[in-house]
Amino acid sequence: METALAEFADLVEAGGAAPPAGRGEDRWRVYWVLGRGEFAEGRSLDALQAAYRLGARVAWRRYARAARRAGMGADQVVLLAEAVFAHIDEISAVSVRGYAEAQADKAGALGRRRHHLLGRIVSGAAPPAVEQAAVVAGWTLPDTVACVALGPPAERDRTHRRLPPAVLADLDSPEPYLLVPDPATAFGDQAFAGALDVRGAVIGPTVPLAMAADSLRWARTLLARLGQSAGIVRCEERLPELLLLGDQPLVRLFTDRRLRPLDDLTPKQATRLATTLLVWLQSHRGSAPEVAEQLALHPQTVRQRLRRIEQLFGSALDDPDARFELEVALRFRLLGPEPGVSGARPPAMP
């Protein structure tokens, strides 16, 4: 407070002008350093601000006594009081700035370390390298993780503000993603889940930390196929689809061959028959009323479709291997259009 009092005396002597060059260049630095020092010591600014307020009260009592002895008028005393407390407010604000800048510096350094750690994990770096990066980043290595492939930012996106502290994120890359430790607990956070739902996200399977790159790859594969723009999709609930997407050129060739009988139909007719055939296969070659119930159609409509399917596919419907191949091909076809392919998306698989 001695520095503050000396500066205030200089200001009063100068009629409120800034101190002369040389002395005034660093007039605020001491308070800025005090603010940073409180952060470095792990304390809040409460004690420092209290000390400023106490110093202001003590200084004012002394100034008031000196003012009475000097015979100052009431108006002058009021101006002096305002000047004292305005000066304290100024130095307090400088300390707050120093504290905030120290926080930002630490957050920036920590963010860079965690970004480096994230890169190590998803690139499949050796365990010792990951462990070392985790220590530097102050991040506890979890047993299991899930990666999240994110859709494009929503209007007034709040994802970065809703992340649990332990989540590692790369929100600025062309394919933004998250690495979520302890997924069962993290996704139970309603604010976090709500932010993902608004933005659109595909949550990869929960895997050991060493398989994080696989979780991310699977999540991105499904995101690319679905074009997720809102809502949450969980890979755990769509593992057969992921299997089909694992080698798409091969499955596409397989699908084209098995579903060739549908080629001469219109897209709408082909989709109707494909959907009906898949439900029929999954219901263990169920009756028309059974299939109709699942499709919410009249049984007679389903009978007509099944007769048409029998005409198109013939003996393949009685061959176990052919039925398996048909189901695989139909599942792939009904996943929806591939990225970059125009046209309406077929209905979701029943």
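Residues numbered from 1 in each chain as written. Predicted model: local features only at pLDDT ≥ 70, side-chain atom pairs only at ≥ 80, totals over all residues. Heavy atoms only, no water.

Trainee: Mind showing me how you'd approach the overall build of the chain here?
Mentor: Looking only at helices and strands, one finds 14 helices and six strands in the chain. Counting only residues that meet the buried cut, the chain has 39% of its 350 residues in that class. Residue pairs in contact within the chain that sit at least 24 positions apart in sequence constitute 68% of those at least 6 positions apart. In the structure as shown, the chain presents an accessible area of about 19,800 Å², 54% of it carried by carbon and sulfur atoms. (Helix = DSSP H or I, 4+ residues; strand = E, 2+ residues; numbered from the N terminus. Buried < 20%, exposed > 50% of the residue type's maximum accessible area, 1.4 Å probe, protein only. Contact = heavy atoms within 4.5 Å. Areas by Shrake-Rupley, 256 points an atom, 1.4 Å probe, with all protein chains shown as cover.)

Trainee: Explain the nonpolar core here, please?
Mentor: Soluble, globular proteins show a tendency: their nonpolar side chains are buried together. Residues Leu262, Leu277 and Phe313 are the most contacted members of the largest nonpolar core, which totals 24 residues. Elements with a contribution of two residues or more to this core: α11 (267-282), α12 (288-295), α13 (299-313) and α14 (320-333). Considering each element in turn, this core owes the most residues, eight residues, to α11. Once residues lying within four places of it in the same chain are set aside, the contact partners of phenylalanine 313 are Arg258, Leu259, Pro261, Leu262, Leu277 and Leu326. Counting 18 residues, the second largest nonpolar core, distinct from the first, contains Ala133, Ala134, Ala137 and Ala212. (Core = buried A, V, L, I, M, F, W, Y, C linked by side-chain atoms within 4.5 Å.)

Trainee: What should I look at first to understand unusual backbone geometry in this one?
Mentor: Trans peptide bonds make up most of the peptide bonds, and negative phi angles are found at most residues other than glycine. Residues other than glycine seldom take positive phi values, yet aspartate 182 does so here, at roughly 50 degrees. Mapped onto the elements, aspartate 182 comes out in the loop between β3 (177-181) and α6 (183-186). Here aspartate 182 falls in the partly exposed class, since its relative accessible area comes to 41%. At alanine 296, a residue that is not glycine, the phi angle is positive and equals roughly 60 degrees. As for its placement among the helices and strands, alanine 296 is situated in the loop between α12 and α13.

Trainee: Would you take a moment to explain the packing of α11 against α12 for this structure?
Mentor: When two helices pack together, their arrangement is given by the angle between the helix axes and by the axis-to-axis distance. Axis separation between α11 and α12 bottoms out at 10 Å; the angle between their running directions is 120 degrees. By the angle between their axes, α11 is oblique relative to α12. Two packed elements cross with a definite hand, and for α11 against α12 that hand is right-handed. Of the residues in α12, those touching α11 at Thr275, Thr276, Val279 and Trp280 are Val291, Gln294 and Leu295. Split into classes, the residues belonging to the contact of α11 with α12 amount to four nonpolar, three polar and no charged. (Axes fitted to C-alpha atoms, helices over the stretch in contact; angles between N-to-C directions. Parallel < 35°, antiparallel > 145°, perpendicular 65-115°, else oblique. Left-handed = near helix turned anticlockwise from the far one by under 90°. Nonpolar A, V, L, I, M, F, W, Y, C, P; charged D, E, K, R; others polar.)

Trainee: Hey, could you run me through the pairing of strand β1 (residues 144-150) in this one?
Mentor: Moving residue by residue along a regular strand, the side chains alternate between the two faces of the sheet. Most of β1 is tucked away: six of the seven residues are buried. Bridge count for β1 against strand β5 (residues 207-208) is two bridges, and the pairing is antiparallel. Within the sheet, the bridge partner assigned to threonine 144 lies in β5 and is proline 208. Two elements, β1 and β3, share five bridges in a ladder whose sense is antiparallel. Note that in β3 the partner of alanine 146 across the bridge is valine 180. Pairing analysis gives three bridges linking β1 to strand β4 (residues 201-203), with the strands arranged antiparallel. Within β4, the position partnered with alanine 149 by the bridge is valine 202. (Pairing = 2+ DSSP bridges.)

Trainee: What is the right way to look at a positive patch on the surface in this model?
Mentor: Together, Arg53, Arg57, Arg61, Arg62, Arg65, Arg68 and Arg69 give the surface a local cluster of positive charge. Mapped onto the fold, arginine 65 is located in helix α3 (residues 46-69). (Patch = residues over 30% accessible without salt bridge, like charges linked within 9 Å, V, L, I, M, F, W, Y side chains within 5 Å. Salt bridge = Lys/Arg side-chain N within 4 Å of Asp/Glu carboxyl O. Lys, Arg positive; Asp, Glu negative; His and termini not counted. Charge placed at Lys NZ, Arg CZ, Asp CG, Glu CD.)

Trainee: Could you clarify how one ought to interpret the pattern of salt bridges in this entry?
Mentor: Where side chains of opposite charge bring their charged atoms close, a pairing between them can arise. According to the stated counting rule, one finds five salt bridges in the structure shown. Between arginine 220 and glutamate 175 there is a salt bridge, with its nearest N and O atoms 4.0 Å apart. Here arginine 220 is found in helix α8 (residues 212-226), whereas its partner glutamate 175 is found in the loop between β2 (168-170) and β3, with 45 residues between them in sequence. The class of arginine 220 is partly exposed, set by a relative accessible area of 23%. Residue classification places glutamate 175 among the partly exposed residues on the basis of a relative accessible area of 47%. Put simply, arginine 217 and aspartate 214 hold a salt bridge, and the shortest N to O gap is 3.0 Å. Of the two residues, arginine 217 and aspartate 214 are both situated in helix α8; the distance of three residues between them amounts to about one turn of the helix.

Trainee: What's the story with the packing of aromatic side chains in this structure? I'm lost.
Mentor: By convention here, two paired aromatic rings are described through the distance between centres and the angle between planes. Summed over the entire model, instances satisfying the criterion amount to one aromatic pair. Ring centres of phenylalanine 187 and phenylalanine 192 lie 5.8 Å apart, and the angle between their planes is 10 degrees; this geometry places the pair in the stacked category. For the pair phenylalanine 187 and phenylalanine 192, one class covers both residues: buried. One cation-aromatic arrangement involves arginine 225 over phenylalanine 332; the distance from NZ or CZ to the ring centre is 4.8 Å. It is arginine 234 that lies over the ring of phenylalanine 187; its NZ or CZ is 5.7 Å from the centre. (Phe/Tyr/Trp six-rings, centres within 6.5 Å; stacked < 30°, edge-to-face > 60°. Lys NZ or Arg CZ within 6 Å of the ring centre and 35° of its normal.)

The values reported here are purely geometric and, on their own, carry no functional implication.
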